[in-house]
Each structure stands twice: as structure tokens, then as C-alpha cells.
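Residue-level structure breakdown
Next come the chains, spelled out residue by residue.
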Amino acid sequence: MAAKITSCFTFLKEALILPTLNPKLFAPVLLLFAITAFLDSLEDVVFVQPLVDDMGSRLITVNSTDPLGAEYTKLTEETEPGGTELLLIAVSEVIVALAVGFVKRTLFLFAASTTYSGDRYSLAGLLRELVSGRISLKGPSITIAVVDAFDFASAVLAALIPTPALMGGLSRVLSVQGLVSLIAHLAYLCFTVIALVGVAASVADSRKCRGVRALRQAWRLVTRVRRKEGLVLVLVAYLGPTVV
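Residues numbered from 1 in each chain as written. Predicted model: local features only at pLDDT ≥ 70, side-chain atom pairs only at ≥ 80, totals over all residues. Heavy atoms only, no water.

Considering the overall build of the chain
Scanning the chain from terminus to terminus reveals 9 helices and 0 strands. Secondary structure elements of the chain occur, N-terminal to C-terminal, as α-α-α-α-α-α-α-α-α. Relative to its full complement of 244 residues, the chain shows a buried share of 25%. Sequence separation of 24 or more characterises 68% of the internal contacts of the chain that already satisfy a separation of 6 or more. Accessible area of the chain: about 15800 Å², with a carbon and sulfur share of 70%. (Helix = DSSP H or I, 4+ residues; strand = E, 2+ residues; numbered from the N terminus. Buried < 20%, exposed > 50% of the residue type's maximum accessible area, 1.4 Å probe, protein only. Contact = heavy atoms within 4.5 Å. Areas by Shrake-Rupley, 256 points an atom, 1.4 Å probe, with all protein chains shown as cover.)

Topic: the pattern of salt bridges
Using the criterion set out here, one finds 2 salt bridges in the structure. Ionic pairing is found between R105 and D148, a salt bridge with its closest N-O pair at 3.5 Å. With R105 in helix α3 (residues 70-116) and D148 in helix α5 (residues 138-160), this residue pair connects regions lying 43 residues apart in the sequence. Among the ionic pairs, R134 bridges to E129, the shortest N-O distance being 3.2 Å. R134 gets classed as exposed once you look at its relative accessible area, which sits at 60%. Overall, E129 belongs to the buried group, its relative accessible area being 15%. (Salt bridge = Lys/Arg side-chain N within 4 Å of Asp/Glu carboxyl O.)

A short note on a nonpolar patch on the surface
Taken together, the side chains of L31, I35, F38, L39, L42, V45, V46 and F47 define a hydrophobic patch exposed on the protein surface, amounting to about 790 Å² of accessible area. Note on placement: V46 falls in helix α2 (residues 23-63). Classification of V46 as partly exposed rests on a relative accessible area of 45%. (Patch = residues over 30% accessible without salt bridge, like charges linked within 9 Å, V, L, I, M, F, W, Y side chains within 5 Å.)

Brief notes about the packing of aromatic side chains
In this structure the tally under the stated criterion is 3 aromatic pairs. Measuring from ring centre to ring centre gives 5.9 Å for F33 and F108, while their planes differ by 40°; the resulting arrangement is tilted. You can see F33 sitting in helix α2 and its partner F108 sitting in helix α3, a full 75 residues away along the chain. Its relative accessible area of 30% is what places F108 among the partly exposed residues. In this structure an aromatic cluster arises from ring pairing among F26, F33 and F108. In this structure, K104 is placed above the aromatic ring of F33, and the distance from its NZ or CZ to the ring centre is 5.2 Å. (Phe/Tyr/Trp six-rings, centres within 6.5 Å; stacked < 30°, edge-to-face > 60°. Lys NZ or Arg CZ within 6 Å of the ring centre and 35° of its normal.)

Some thoughts on the environment of T36
As for its placement among the helices and strands, T36 is situated in helix α2. Between the alpha carbons of T36 and K104 there is a distance of 9.5 Å; along the sequence they are 68 residues apart. The contacts of T36, once residues within four sequence positions are left out, are V100 and K104.

Regarding helix α8 (residues 211-224)
If you check α8, its first and last C-alpha atoms are 20 Å apart, about what 14 residues at 1.5 Å a residue would give, namely 20 Å. Listed in full, the buried residues belonging to α8 are G211, A214, L215, A218 and V222. Down the axis of α8, the buried side of the element spans an arc of 100°, and every buried residue falls inside it. (Expected span 1.5 Å × (residues − 1). Arc of directions from axis to C-beta.)

And the structure:
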């Protein structure tokens, strides 16, 4: 047992020091990630939050106004454009988030895969390889599309399963509804792990490992590999930022 734990921690250490093996690639990639995170926060502060606050104040005013009066009709007409604008921003945010998420996942995984394989690309060199097609994006693209489809289906399912209030007492938590919700959350966590490993497997072998086949391969990697290094690595990578 001690040997297995040591092996897993050694694997984590190797993953952490991997960026230091090719700083000319990982430094701009991490800087790109930081810039996109900053721009996302800036967009929320500058555009979304002021509109949400304005809509909230308008709705409060509408709710406190007599529905039969002329002022109520005027306020509702003034509120409608803001709601449409907020909806358009939300839709555009989802589209941009999917595109940026795809770029970030594939770029970082290809950076890790090529560096681990011994190649020492710069960011410009890696992008040239991807754009020219010498490094195939087809496999990861198919796998990410499958993962996103499963994510959408799980989001719809989660919306149909109300989360029980923890303040309702132990009997409430241990009810059928609570158990279903708990199982759903655990299943989603497991799927997140499988999805991350599956996309990585598609990057490592984009010709044979893609889509559902990549997810099956990921399941074998995290459940049947003797020391479960991949499972430990992904759990740390996923749960670490969540805890922080």
C-alpha cells in the first residue's frame, strides 16, 4: 500500500514539474489563461453586474407599483429592453465560454503531451503544428463535443432533480429525493474525472481514441490501472481549485 501511495505522489510531482521542462511554451500558455480569466471577470464587472443591478432595482419598483396604473405599464415597457439585452449577453457568454474553454483545454493538453513526449515547441511553433494539421485536432474535438453533450444532458437532469434543503433535518436529507440528488452529484463528479482523462487520451492518440471510445478508455485507465495515477492526478487537479 505504501508503494502505491508513493508512486501516486511521484506521479503528481512529475506532473507539477512538467511545465518547467519547457518554460518557453508553458509561460505564455499560463499567461494566456490568466488574461482570459481577467477579461472574463472584467466583462462581468463592467457589463453584466451593472445591468443586473439596474434590472433588479427596476423590478423592485415595478413590484411596488399599482398594476392598474399607467406608471406600471410605463415601467414594464422600460424594463423589457434590459431583459432582452441581459438574455443576449448570457447567450453570447455561453458561446464565448465554450469556444475559449475548447481552446484552453486543447492548447494546454497538447502542450503537456508534446512536452512529455520530448518535443520542445514554443507557443508559436505549437500553434503552427495545430493549424497546419500536422497535429490533429479531430480526435479531441469529437471527444470534447461528446463531453459537452453529456454535460448539457446532466445539467437538464440536475434541473429536474431539486436539491433538498440541508436545514430540513436528517430525515429530509436521507429521503429518496436526497439520496437521488447525492447519487447525481457523485455521478457528475465521476463523469468529470472520466471526461478530463478522455480528452487527454484523445490528445495522446487522436487517431484511435476519440468520442465515446475515448471515454471508455478513460474509464479503464482510472479504474483498472494498478496504481490509479491518472485518477489521483485528475482528482487533485479538479478538487484543489474547488476547495480553494
